[in-house]
Amino acid sequence: MKEQLQAREKVLIRTSWISTIGNTILSVAKIGIGFAAGSLAVLGDGIDSATDVVISIVMILAARIISKPPTKKYPYGYEKAETIATKILSLVIFYAGVQMLISSIGSLISPEPKEMPAAIAIYVTLFSIVGKLLLALYQYRAGRRIGSSLLTANAVNMRNDVIISCGVLIGLVFTFLLKLPILDTVTGLIISLFIIRSSIRIFMDSNVELMDGVKDESIYRKIFDAVEAVPGAHNPHRVRSRQIGNLYMIVLDIEVDGSITVTEAHRIANEVEHSIKAKIDNIYDIVVHVEPEGVCHDAEQFGIDRGMV
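Residues numbered from 1 in each chain as written. Predicted model: local features only at pLDDT ≥ 70, side-chain atom pairs only at ≥ 80, totals over all residues. Heavy atoms only, no water.

Within an unreviewed UniProt entry, the label attached to the chain reads Cation diffusion facilitator family transporter, and the organism entered is Candidatus Tidjanibacter faecipullorum. Recorded in UniProt for the chain, the comment headed Subcellular location (unreviewed entry) runs: "Membrane". Per UniProt, the chain carries the Sequence similarities (unreviewed entry) text "Belongs to the cation diffusion facilitator (CDF) transporter (TC 2.A.4) family." (UniProt positions renumbered as here; feature names shortened; annotations may be inferred.)

Printed below as a string of C-alpha cells:
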C-alpha cells in the first residue's frame, strides 16, 4: 500500500509540473496577444489558462499532503486532501468564469466603439488549441491510470479549454469575415458561461466523496456477489462503502453458523475479505463484523441490504 501511494504521488507531482509549465506558456502568450491584438475573447481564454496554473500548484501541494502517513488525528491518512483540492479547483474556475462574464457584459453595454482585433489573435488561438489538447490527453490518461479525481477533473477542465479556444477561433474567423468586432465580445460572453457551468459540475461531483459516498453504486452488487461466493457466509447486510481518495473503505456484517468456533468464524471473515478484493480494485480496508446466524436485528439506520441493490 505504501509503495502504491508513493508511486501515485510521483505521478501527481510530475503531471502537475508539466501542466504548470505548459499552462504558464499558454497563458502568457494569450494574455499578451489578447492585449496587443485587442481581443477580449483571447484575453479571457488567457485568463482561463492562468487559473490552470494556480490549479496545478494546488495539485502539487495536494500531492505532498496525500503522501503523509496516518496520524492519531487522521488515522485514515490524508487521501481526502485530493478531494478538497478538487473543490478548490472548482471555485477557482468559477471565479474566473464570473470575472470574464462581468467583463464581457461590460464590453457589450459600453457605448464606446469596438475595434477589430489583430489577425495574430487567430494564430495564438491555434497554438493554444494544440497545446491544451496535448495537456488534456496527458492528464486524463495519468488520472485514469492512478485513479485520481483531481487529475481527471483538471483534464476535463483542460478539455473545456480546448472547446473554449475552438469557440474563440470560430468567433475570430467570423469577426474578420463579417467585419463585426462585437462578435469577439459575444464569444467571450458564451465562453464565460461555459466556464461557470464546468466549475459547478466539478463542485457537485466532489461532494460525493466529501459526504462519504461512492460514485459507482454498482460496487454494492459486487460486494454482495463476493460474499455469497464464500461458503459459510450468510446474509450480508449493513454494507457501507466510502471513498478515501481513489480507494474504497468497506464495512459490512455477515452471519455464520452460531455453533462454529471463533477461529472458524474468523477464517470465513478472511475469505470474505479476499473474495471482495478479487472483485473490486483499489481497496483501502475491509471490516467484516461476524454475527450468529438467525439473530434478530434491530432496525438499522445505516448501510445497504441485498434488497436495496
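And the narrative resumes.
S.K.: Looking at this structure, how should I read the overall build of the chain?
M.R.: Counting its regular elements, the chain contains eight helices and three strands. Starting at the N terminus, the α and β elements of the chain follow one another as α-α-α-α-α-α-α-β-β-α-β. Here the chain has a C-alpha radius of gyration of 25 Å; the compact-globule value for 309 residues is 19 Å, and the former is much larger. Along the first, second and third principal axes, the C-alpha set of the chain runs to 90 × 35 × 30 Å. Taking all 309 residues of the chain together, 47% fall into the buried category. Within the chain, counting contacts between residues at least 6 apart in sequence, those at least 24 apart form 76% of the total. Accessible surface, the chain as shown: approximately 15,800 Å² in total, 65% of it carbon and sulfur. Averaging the positions of the 30 positive and the 31 negative side-chain charges in the chain gives two centres separated by 8 Å. (Helix = DSSP H or I, 4+ residues; strand = E, 2+ residues; numbered from the N terminus. Rg over C-alpha atoms; globule rule 2.2 N^0.38 Å. Buried < 20%, exposed > 50% of the residue type's maximum accessible area, 1.4 Å probe, protein only. Contact = heavy atoms within 4.5 Å. Areas by Shrake-Rupley, 256 points an atom, 1.4 Å probe, with all protein chains shown as cover. Lys, Arg positive; Asp, Glu negative; His and termini not counted. Charge placed at Lys NZ, Arg CZ, Asp CG, Glu CD.)

S.K.: Would you mind going over the pattern of salt bridges with me for this structure?
M.R.: Note that side chains of opposite charge can pair when their charged atoms are close. Inspection of every chain in the model, using the stated rule, returns eight salt bridges. A salt bridge links lysine 80 to aspartate 212; the shortest N-O distance between them is 2.6 Å. Residue lysine 80 is found in the loop between α2 (40-66) and α3 (81-109), and its partner aspartate 212 is found in the loop between α6 (182-210) and α7 (219-228); the two are separated by 132 residues along the sequence. The exposure class assigned to lysine 80 is partly exposed, which follows from its relative accessible area of 21%. Residue aspartate 212 is classed as partly exposed on the basis of its relative accessible area of 39%. Glutamate 264 serves as the salt-bridge partner of arginine 267, at 2.4 Å between the closest nitrogen and oxygen. Residue arginine 267 and its partner glutamate 264 are located together in helix α8 (residues 262-279), separated by three residues, close to a single helical turn. Glutamate 264 gets classed as partly exposed once you look at its relative accessible area, which sits at 29%. (Salt bridge = Lys/Arg side-chain N within 4 Å of Asp/Glu carboxyl O.)

S.K.: Is there a simple way to explain the confidence of the model for the chain in this structure?
M.R.: The predicted structure's coordinates, where accompanied by low pLDDT, should not be read in detail. Looking at the chain, the pLDDT average stands at 80 and 91% of residues meet or exceed 70. Confidence scores differ between elements of the chain, with α2 showing the lowest mean pLDDT of 75 and α8 the highest of 93. (pLDDT = per-residue confidence, 0-100.)

S.K.: Whenever I open this one, the packing of aromatic side chains confuses me. Can you help?
M.R.: Given two aromatic rings, their pairing is described by the distance between the two centres and the angle made by the two planes. Considering all chains together, one arrives at two aromatic pairs under this definition. Measuring from centroid to centroid gives 5.0 Å for tyrosine 74 and tyrosine 78, while their planes differ by 50 degrees, and the two rings are tilted. Judged by relative accessible area, which is 39%, tyrosine 74 ranks as partly exposed. For the ring pair tyrosine 76 and tyrosine 284, a centre distance of 6.2 Å and an interplane angle of 50 degrees mean the geometry is tilted. Of this pair, tyrosine 76 sits in the loop between α2 and α3 while tyrosine 284 sits in strand β3 (residues 283-292); the two residues are 208 residues apart in sequence, bridging distant segments of the chain. For tyrosine 284, a relative accessible area of 22% translates into the label partly exposed. (Phe/Tyr/Trp six-rings, centres within 6.5 Å; stacked < 30°, edge-to-face > 60°.)

S.K.: I would appreciate a short explanation of the pairing of β3 in the present structure.
M.R.: Two faces make up the sheet, and in a regular strand the side chains alternate between them. Pairing of strand β2 (residues 247-256) with β3, which is carried by nine bridges, proceeds in the parallel orientation. When the bridges of β3 are listed, isoleucine 254 appears paired with valine 290. The β-α-β motif built from β2, the intervening α8 and the parallel element β3 has right-handed crossover chirality. (Pairing = 2+ DSSP bridges. Right-handed = clockwise from strand over helix to strand, strands pointing away.)

S.K.: Explain the packing of α7 against α8 to me, please; I cannot follow it from the model alone.
M.R.: Packed helices, taken two at a time, are described by the angle their axes make and the gap between the axes. The interhelical angle for the contact between α7 and α8, taken along N-to-C directions, is 135 degrees, at an axis separation of 8 Å. Taken together, the axes of α7 and α8 are oblique relative to one another. Judged by the sense of rotation from one axis to the other, the crossing of α7 with α8 is right-handed. Each of Lys222, Ile223, Asp225, Ala226 and Val227 in α7 lies in contact with α8, whose residues at this interface are Val272, Ser275, Ile276 and Lys279. Considered class by class, the residues forming the contact of α7 with α8 number five nonpolar, one polar and three charged. (Axes fitted to C-alpha atoms, helices over the stretch in contact; angles between N-to-C directions. Parallel < 35°, antiparallel > 145°, perpendicular 65-115°, else oblique. Left-handed = near helix turned anticlockwise from the far one by under 90°. Nonpolar A, V, L, I, M, F, W, Y, C, P; charged D, E, K, R; others polar.)

S.K.: How do you make sense of unusual backbone geometry when you look at a structure like this?
M.R.: Backbone geometry follows two general trends: most residues other than glycine have a negative phi, and most peptide bonds adopt the trans configuration. Unlike most non-glycine residues, asparagine 235 shows phi in positive territory, near 45 degrees. A residue is classified by how much of its surface remains accessible, and asparagine 235, at 39% relative accessible area, is partly exposed. Of note in the backbone geometry, arginine 238 takes a positive phi value of approximately 45 degrees without being a glycine. Structurally, the position occupied by arginine 238 is in strand β1 (residues 234-244).

S.K.: Would you mind showing me how to read α7 here?
M.R.: Side chains that are three or four residues apart share a direction in an α-helix, a result of its 3.6 residues per turn. Turning to α7, its buried residues number three or more, namely Ile219, Tyr220, Ile223, Phe224, Ala226 and Val227. When α7 is viewed along its axis, its buried side chains cluster within an angular range of 160 degrees and face the same direction. Among the structural elements, β1, β2 and α8 are those in contact with the buried residues of α7. (Arc of directions from axis to C-beta.)

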